[in-house]
Amino acid sequence: MKKILTSFIAVCGVLLLMITSCKKDETKTTAALGNSGTIAASTTTPPLSLATETNPAVTLNLSAATPVTGYKSVAVTYTLQIGKKGSNFVVPQEISATVTGVTLTQDALNTVLHNLKLVDGVSTQVEVRMKSSVAANIDAAYSNVITLTVTPYSRTSYLYVPGAYQGWDPTAANVGSLASPTSNNIYDGNITFTTGNLAFKITTKKNWDVAYGNGGSGKLSLTGGDLTVPSAGTYAIHVDMTTLSYTLTKQ
């Protein structure tokens, strides 16, 4: 009886292994795309500039991947992958695309480059490919790889603060500035005013072409007189160019 029981347990064990093996086979990844598609770029040296960041940088055109028989009715999902050249797309930046490809604005591409930790102002090469997939448990297919030469730019923009404290010279090296790290029209900076030199204006460049003065009630105006601080010292100047408003806080 003991021998029969032992044999029964052994048979059950074999059957269990077979069932487990079958289940694993059911979720095993298989190739579903017979043609992985190809990708082509409108330019390999996309322009990148804060001044024109809303303009297109590059268009990646795709010839669609073709599902094999049995997957013809399944929708193909396309994802643009961008990685540092030579990284073999380890942890790439990914952007959803359509069956025809994708167009990236300069701002969108620049954001990707910043996410890749590339250095502003330095010409660098990145690699681009298109990933095509039909399901999470099905092997994805990848297009050919394109190399782009890019120079990411800083998104920081500035306002300048010429005034009596520095000789009313907007072109001088010591003209103070207010920074907007993401160019969202919010600017901040600290300026030190000396005794008797409390007046200033705010300019968009290091010249007098566009200069903002006092519009009253904390507002800026292109026709206003000089802005002033109450007394000598260092002031945190906060400017919102969307509302043309400002605040002064002594430090």
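Our structure's up above, just so we're on the same page.
Below is a short write-up of the structure. Since we're looking at a predicted model, the values are computed, not measured.

Let's talk about the sheet that holds strand β7 (residues 101–105)
And step 1. With antiparallel pairing, 3 strands are arranged side by side in an open sheet as β2-β3-β7. Every interior strand has two partners, whereas the edge strands, β2 (38–41) and β7, have only one. If you compare each strand with its neighbour and ignore which way they point, the axes differ by 15° on average.
And step 2. Here strand β3 (residues 56–63) pairs with β7 via 5 bridges, running antiparallel. Considered in β7, the bridge of Val 58 is made with Leu 104.
And step 3. Its contacts with the sheet put helix α2 (residues 106–115) on β3 and β7, and the angle it makes with β7 is roughly 90°.

Topic: the nonpolar core
And step 1. Grouped together as the largest cluster of nonpolar side chains are 29 residues, with contacts concentrated most on Leu 60, Leu 80, Ile 82, Leu 104, Leu 109, Val 126 and Val 150.
And step 2. Of all elements in the fold, only β3, β5 (77–84), β6 (93–97), β7, α2, β8 (124–133) and β10 (146–150) reach the threshold of two or more residues within this core.
And step 3. Sort the elements by how many residues they give to this core and β3 lands first, with 4 residues.
And step 4. The residues contacting Leu 60, other than those within four sequence positions of it, are Ile 39, Ala 40, Ala 41, Leu 80, Thr 100, Gly 101, Val 102, Val 128 and Ile 146.
And step 5. If you look at the next biggest cluster of nonpolar residues, it comprises 18 residues, including Val 161, Leu 178, Phe 193 and Tyr 246.

Quick look at α2
And step 1. Gln 106, Leu 109, Asn 110, Val 112 and Leu 113 are the residues of α2 that are buried. Taken end-on, α2 shows its buried residues confined to a sector of 155°, consistent with a single buried face.
And step 2. Contacts from the buried residues of α2 go to β3, β5, β6, β7, β8 and β10.
And step 3. Residue Lys 117 follows α2 closely and has a positive phi angle near 65°.

What about the environment of Ala 211?
And step 1. Along the polypeptide, Ala 211 turns up in strand β16 (residues 211–216).
And step 2. Owing to a relative accessible area of 15%, Ala 211 belongs among the buried residues under this scheme.
And step 3. Along the sequence, Ala 211 and Lys 201 sit 10 residues apart, while their C-alpha atoms lie 6.5 Å from each other.
And step 4. Apart from residues lying up to four places away in sequence, Ala 211 is in contact with Lys 201, Ile 202, Thr 203, Ser 221 and Leu 222.

Points about the layout of surface pockets
And step 1. Quantified by volume, the largest pocket comes out at close to 160 Å³.
And step 2. Leu 50, Ala 51, Glu 53, Ser 157, Ser 183, Asn 185 and Tyr 187 together form the lining of the largest pocket.
And step 3. Its residues placed into classes, the lining of the largest pocket shows 3 nonpolar, 3 polar and 1 charged.

Reading the values: rules and limits
- Residues numbered from 1 in each chain as written.
- Predicted model: local features only at pLDDT ≥ 70, side-chain atom pairs only at ≥ 80, totals over all residues.
- Heavy atoms only, no water.
- Pairing = 2+ DSSP bridges.
- Helix = DSSP H or I, 4+ residues; strand = E, 2+ residues; numbered from the N terminus.
- Axes fitted to C-alpha atoms, helices over the stretch in contact; angles between N-to-C directions.
- Contact = heavy atoms within 4.5 Å.
- Core = buried A, V, L, I, M, F, W, Y, C linked by side-chain atoms within 4.5 Å.
- Buried < 20%, exposed > 50% of the residue type's maximum accessible area, 1.4 Å probe, protein only.
- Arc of directions from axis to C-beta.
- 1 Å grid on protein atoms, 1.4 Å probe; cavity = no way out; pocket = protein on both sides within 12 Å on 5 of 7 lines; lining within 4 Å.
- Points joined across faces, edges and corners; volume = space filled by probe spheres on them.
- Nonpolar A, V, L, I, M, F, W, Y, C, P; charged D, E, K, R; others polar.

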